[in-house]
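# Residue-level structural notes
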Amino acid sequence: MTQGLWAHPDNQSHRYKELGFWIELAQLLERGLFDFMFFADSYGYPDHKRELTYREAVYAPANDPMLIIPALAAATNNLAFVTTASPVYELPFPNARRFSTLDHLTNGRIGWNVVAAGGISGARAFGREGILPHDERYEQAEEFMEASYKLLEGSWEDDAVVGDKAGRYYADASKVHIVEHEGRYYRMTGAHSCEPSIQRTPVLFQAGSSDRGRDFAAKHAEGVFLKAPTVEALRAQVQDIRRRAAAFGRGPEQIKIFTGLSAVVGRTKEEAQRKLDSYRSYASREAALLTYENATGVDLLALDPDAPFVNVKTEQGRTHTERYTKHSGTVQTVRDVMDNFASKEFRGITVAGTPDEIADHMQHWIEETGADGFNLERYVLPGGHRDFVELVVPVLQKRGMFRERYEETTLRERLFGKGFARLADTHPGAAYRKLGE
Ligand SMILES: Cc1cc2nc3c(=O)[nH]c(=O)nc-3n(C[C@H](O)[C@H](O)[C@H](O)COP(=O)(O)O)c2cc1C
């Protein structure tokens, strides 16, 4: 989250290759009664500045998070897992198979962060010439969702599996339907390879804040990650997503909104500030600017630093160009953008303070914006999360802002209440339930 922090002496993130590291982290989050552990992922890495990329470990190396999840599910009982897969690279059939497998193995503790990734190096690694234009990638994602819903919701009827050993009758073929999909981007004929899992479709998350991205979120997402620099800006984004969802016939309560929170906890304010200063002292400005370029396609160092940052066009991700153009309220120079991004990068709200001060901030942002929760961002792993679990969670509980124990086991029920393990009837995916009729 902060480039260069991998080298901080308290940071254990270099242990990402060890299952023990992930198990320790998952068990810590479960002890803190977290809803889910979120894995961001992409195939892209900045391959045009290779020396810097590998020297500072900017998006590389990167293991496949999906393969870690079953081991973490075995080491926990309640914590859920949200992982990322992009329609730009994947195909609906194997993607649905992987998510159904994960839903089975986790007992319904799985979510899918759907991204319309725009990395050029990822596309090249998949043998493509380049990426589709920005809005068209979301069209491609729309079609991917349609094919996925057919597989996950429609292919197997609930009572297709009989499982009668004595009668030698596993499943009723008349209740397993062939998906025929012929679209602009994908073509397939075949039944889903997995029998229905508890949630069928994994809980759907989305994090792209461009205009087209918000429409996609409003239609499909059940969890949305949003970030904004001020309470007012976040409130406006939250209201915008909920308004757009209504246009798709979905209720405002059908989308849970999470905003990024970087919390640095100390027993005193001074201790917390000292920690934050120490983390920031490891930040790499050149690596931060490279991540900006990797996400947006905009090389800030190639622009005139005194020029206003306006009319920035990109076909890669727009969330982090529009953050300084559409949503900032004032025109900034390229230098301002560099300074701001180098200090914040992709972080949301940053708070360094005592547990009570952090709880105050959290309460304020929830009450004032209408957001539902936070995505806790790391400085150092697992120490930062341990501080939060041990020091902040008890304060939140005392204030009645946080659960005392887990109640529902599936992720969707945890977010939307008991009995709601499946997509809501008003969700567009529900329309594909009757493939056999
Ligand atoms: C909290 C958060 C997590 C994200 N995780 C990923 C990710 O794992 N992989 C990815 O390619 N993009 C990720 N993104 C980027 C967006 O999801 C989106 O794909 C990108 O910004 C392009 O869409 P846009 O033009 O609508 O911004 C993330 C963004 C946020 C705010």
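Residues numbered from 1 in each chain as written. Predicted model: local features only at pLDDT ≥ 70, side-chain atom pairs only at ≥ 80, totals over all residues. Heavy atoms only, no water.

## Observations regarding the overall build of the chain
Looking only at helices and strands, the chain features 15 helices and 12 strands. The C-alpha radius of gyration of the chain comes to 22 Å, within 12% of the 22 Å expected for a compact globule of 437 residues. Considering only C-alpha atoms, the chain reaches an extent of 70 × 50 × 40 Å along its principal axes. For the chain, the share of sequence-separated contacts (at least 6 apart) that also reach a separation of at least 24 residues comes to 75%. Total accessible area on the chain stands at roughly 19600 Å², and carbon and sulfur atoms take up 51% of it. Mean positive and mean negative side-chain charge positions of the chain (54 and 62 charges, respectively) differ by 1 Å. (Helix = DSSP H or I, 4+ residues; strand = E, 2+ residues; numbered from the N terminus. Rg over C-alpha atoms; globule rule 2.2 N^0.38 Å. Contact = heavy atoms within 4.5 Å. Areas by Shrake-Rupley, 256 points an atom, 1.4 Å probe, with all protein chains shown as cover. Lys, Arg positive; Asp, Glu negative; His and termini not counted. Charge placed at Lys NZ, Arg CZ, Asp CG, Glu CD.)

## Observations concerning the packing of helix H1 (residues 19–31) against helix H14 (residues 383–398)
One way to put it is that H1 packs onto H14 with a least axis distance of 9 Å and a crossing angle of 20°. Here H1 lies roughly parallel to H14, going by the angle between them. The crossing of H1 and H14 is left-handed. Note on element contacts: H14 touches H1 through His-385, Arg-386, Val-389 and Glu-390, opposite Glu-24, Leu-25, Leu-28, Leu-29 and Arg-31. Grouping the amino acids of the contact of H1 with H14 by side-chain chemistry returns four nonpolar, one polar and four charged. (Axes fitted to C-alpha atoms, helices over the stretch in contact; angles between N-to-C directions. Parallel < 35°, antiparallel > 145°, perpendicular 65-115°, else oblique. Left-handed = near helix turned anticlockwise from the far one by under 90°. Nonpolar A, V, L, I, M, F, W, Y, C, P; charged D, E, K, R; others polar.)

## Considerations on the environment of Leu-234
Relative to the helices and strands, Leu-234 resides in helix H8 (residues 231–247). For Leu-234, a relative accessible area of 0% puts it in the buried group. Distance from Leu-234 to Ala-160, taken between C-alpha atoms, is 45 Å for residues 74 residues apart in sequence. Apart from residues lying up to four places away in sequence, Leu-234 is in contact with Leu-226, Lys-227, Ala-228, Thr-259, Trp-365, Thr-369 and Ala-371. (Buried < 20%, exposed > 50% of the residue type's maximum accessible area, 1.4 Å probe, protein only.)

## Section: the site of the ligand
Near the ligand you find 20 residues, and of these Asp-41, His-134, Tyr-138, Ser-210 and Thr-319 are the closest. Arg-318 has a polar backbone atom sitting 2.7 Å from an oxygen atom of the ligand. The residue makeup of the shell around the ligand, split by class, is eight nonpolar, 10 polar and two charged. (Near = heavy atom within 4 Å. Polar contact = N/O pair within 3.5 Å; in protein donor to acceptor, adjacent residues only side chain to side chain.)

## Re the packing of aromatic side chains
Where two aromatic rings form a pair, the distance of their centres and the angle of their planes describe that pair. Under the definition given, this model contains 22 aromatic pairs. Each ring, one from Phe-21 and one from Trp-22, has its centre 5.2 Å from the other, and the planes form 75°; the classification is edge-to-face. We note that Phe-21, like Trp-22, is buried. Each ring, one from Trp-112 and one from Phe-144, has its centre 5.9 Å from the other, and the planes form 65°; the classification is edge-to-face. A residue pair is termed long-range when its members are at least 10 positions apart, and Trp-112 in strand S3 (residues 110–114) and Phe-144 in helix H6 (residues 134–154) qualify at 32 residues. A single burial state applies to Trp-112 and to Phe-144, both of which are buried. Members of the aromatic cluster, joined through ring pairs, are Phe-36, Phe-38, Phe-205, Phe-225 and Phe-258. Geometry around Tyr-379 places Arg-347 over its ring, the cationic atom sitting 3.6 Å from the centre. (Phe/Tyr/Trp six-rings, centres within 6.5 Å; stacked < 30°, edge-to-face > 60°. Lys NZ or Arg CZ within 6 Å of the ring centre and 35° of its normal.)

## Regarding the UniProt feature "domain: Luciferase-like" (unreviewed entry) in the chain
Look at the UniProt record and you will see "domain: Luciferase-like" (unreviewed entry) annotated at residues 10–372. As a span, residues 10–372 carries 41% helix and 15% strand, and end to end its C-alpha atoms are 31 Å apart. (UniProt positions renumbered as here; feature names shortened; annotations may be inferred.)

## Examining the UniProt feature "binding site: FMN" (unreviewed entry) in the chain
Summarizing the sequence annotation, UniProt attributes the feature "binding site: FMN" (unreviewed entry) to Asp-41, Thr-84, His-134, Tyr-138, Ser-209 and Ser-210 in the numbering used throughout. For Thr-84, the position within the fold is in strand S2 (residues 80–85). Here Thr-84 is in contact with Phe-38, Phe-39, Ala-40, Asp-41, Asn-113 and Val-115, once residues within four sequence places are set aside. There is a polar contact of 2.8 Å between the side chain of Thr-84 and the backbone oxygen of Phe-39. With respect to the element layout, Tyr-138 can be found in helix H6.

## Things to note about H6
Here H6 is 21 residues long and its end C-alpha atoms lie 30 Å apart, about the 30 Å a rise of 1.5 Å per residue gives. Among the 21 residues of H6, 17 are classified as buried, and the element is accordingly described as predominantly covered. (Expected span 1.5 Å × (residues − 1).)

## Topic: the packing of helix H7 (residues 211–220) against H8
At a minimum axis separation of 8 Å, H7 and H8 run at an interaxial angle of 55°. In this view, H7 runs oblique relative to H8, as classed from their interaxial angle. Crossing angle aside, the handedness with which H7 passes H8 is right-handed. Contact with H7, carried on its side by Asp-211, Arg-214, Asp-215, Ala-217 and Ala-218, involves Gln-237, Asp-240, Ile-241, Arg-244 and Ala-245 of H8 and no other residues of that element.

## Some remarks on the side chain of Thr-2
Along the chain, Thr-2 falls in the segment before H1. Accessibility expressed as a relative area gives 13% for Thr-2, which makes it buried. At 2.8 Å, the side chain of Thr-2 forms a polar contact with the side chain of Arg-347. Among residues more than four places away in sequence, those in contact with Thr-2 are Ala-283, Glu-345, Arg-347 and Tyr-379.

## A look at unusual backbone geometry
A cis amide bond links Ala-60 to the next residue, Pro-61, at an omega of 0°. By secondary structure assignment, the location of Pro-61 is in the loop between helix H2 (50–55) and helix H3 (69–74). Cis geometry is found at the peptide bond from Leu-381 to Pro-382, where omega equals -10°. Looking at the secondary structure, you find Pro-382 in the loop between strand S12 (373–376) and H14. Unlike most non-glycine residues, Arg-200 shows phi in positive territory, near 55°.

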